[in-house]
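Structural overview
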Amino acid sequence: MIKDDCIFCKIANGEIPSYSIFEDDNFKVILDIEPSSKGHSLIIPKAHADNLFELDNNVAEKALIVAKKAAAGLKKTLKCPGINILQNNGAAAGQTVNHYHIHIIPRYDNDNVNISWMHETFNKDTADAFVNDVKSNID
Ligand code: 5GP
Ligand code: ZN
């Protein structure tokens, strides 16, 4: 399904041009228009899903294989010593385009990419109850 007025639907289905490094029946992999590093790429499913929770399971299980394939090609090309693969769901998590996509970010020693968080103290007092709560919510 394609959603009207969705920029990634238009890109994934060729209505809007992009720099595509890989394509198959289900995905297009393109260069990010505002890359965080050289080769920053996006894996975009051709069928619209707002985020991971809406993504069809058949597409979801193929997505990481495409990510591995594209990351390997980028690594071979760029000779980058590291690669981040990440994916944002919801504005609070930094998602700005509401069409599921995976970022592949080539990394170099001392580059300008900043993916970090503060490490909080693990709370052993509440961990058992928390684990039980989450387990009951995983199908
Ligand atoms: P998000 O913040 O939703 O995880 O990532 C959206 C990404 O899409 C951003 O890195 C942004 O630079 C990229 N982007 C937004 N619009 C376009 C576009 O029209 N073409 C391409 N190639 N990338 C885009
Ligand atoms: Zn879309």
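Model, not experiment: these values are computed from the prediction. (Residues numbered from 1 in each chain as written. Chains lettered and ligands numbered in written order. Predicted model: local features only at pLDDT ≥ 70, side-chain atom pairs only at ≥ 80, totals over all residues. Heavy atoms only, no water.)

Notes on the sheet that holds strand β2 (residues 27-31)
Formally: DSSP calls a pair of strands paired once it identifies at least 2 bridges connecting them. Think of it this way: any DSSP run of H or I at least four residues long counts as a helix, any run of E at least two long counts as a strand, and we number them from the N terminus. Axis definition: a line fitted to C-alpha atoms, limited for helices to the stretch in contact. Angles are taken between N-to-C directions and run from 0 to 180 degrees.
Overall, antiparallel pairing links the five strands, which are arranged β1-β2-β3-β5-β4 in an open sheet. What marks the edges here is a single partner per strand, and that holds for β1 (20-23) and β4 (82-86). If you compare each strand with its neighbour and ignore which way they point, the axes differ by 15° on average. Relative to strand β5 (residues 102-107), β4 runs antiparallel, the two sharing five bridges.

Things to note about the coordination of the zinc ion (ligand 2)
Metal coordination angles in their ideal form are 109.5 degrees for the four-donor tetrahedron and 90 or 180 degrees for the six-donor octahedron. Our working definition: Coordination shells were defined by N, O and S atoms within 2.8 Å of each metal, extended to 3.2 Å for Na, K and Ca; water is absent from the atom set, which can make sites look incomplete. Metal sites are grouped by the angles between bound donors: all angles between 85 and 135 degrees with four donors is tetrahedral, opposite donors over 155 degrees apart with the others between 65 and 115 is square planar for four donors and octahedral for six, and any other pattern is irregular. The cut-offs for exposure are 20% and 50% of the maximum accessible area for each residue type, with area from a 1.4 Å probe on protein chains only; residues under the lower value are buried, those over the upper are exposed, and the others partly exposed.
Coordination of the zinc ion (ligand 2) by the protein involves C6 (SG), C9 (SG), H48 (ND1) and H99 (ND1), with metal-donor separations of 2.0 to 2.3 Å. Considering all four donor atoms around the zinc ion (ligand 2), angles at the metal cover 104 to 115° and the coordination shape is tetrahedral. Binding-site remark: the zinc ion (ligand 2) is held by donors from one chain whose sequence spacing is C-x2-C-x38-H-x50-H. Since its relative accessible area comes to 7%, C6 is described here as buried.

Honestly, that's just the spatial picture; any functional story needs more than this.
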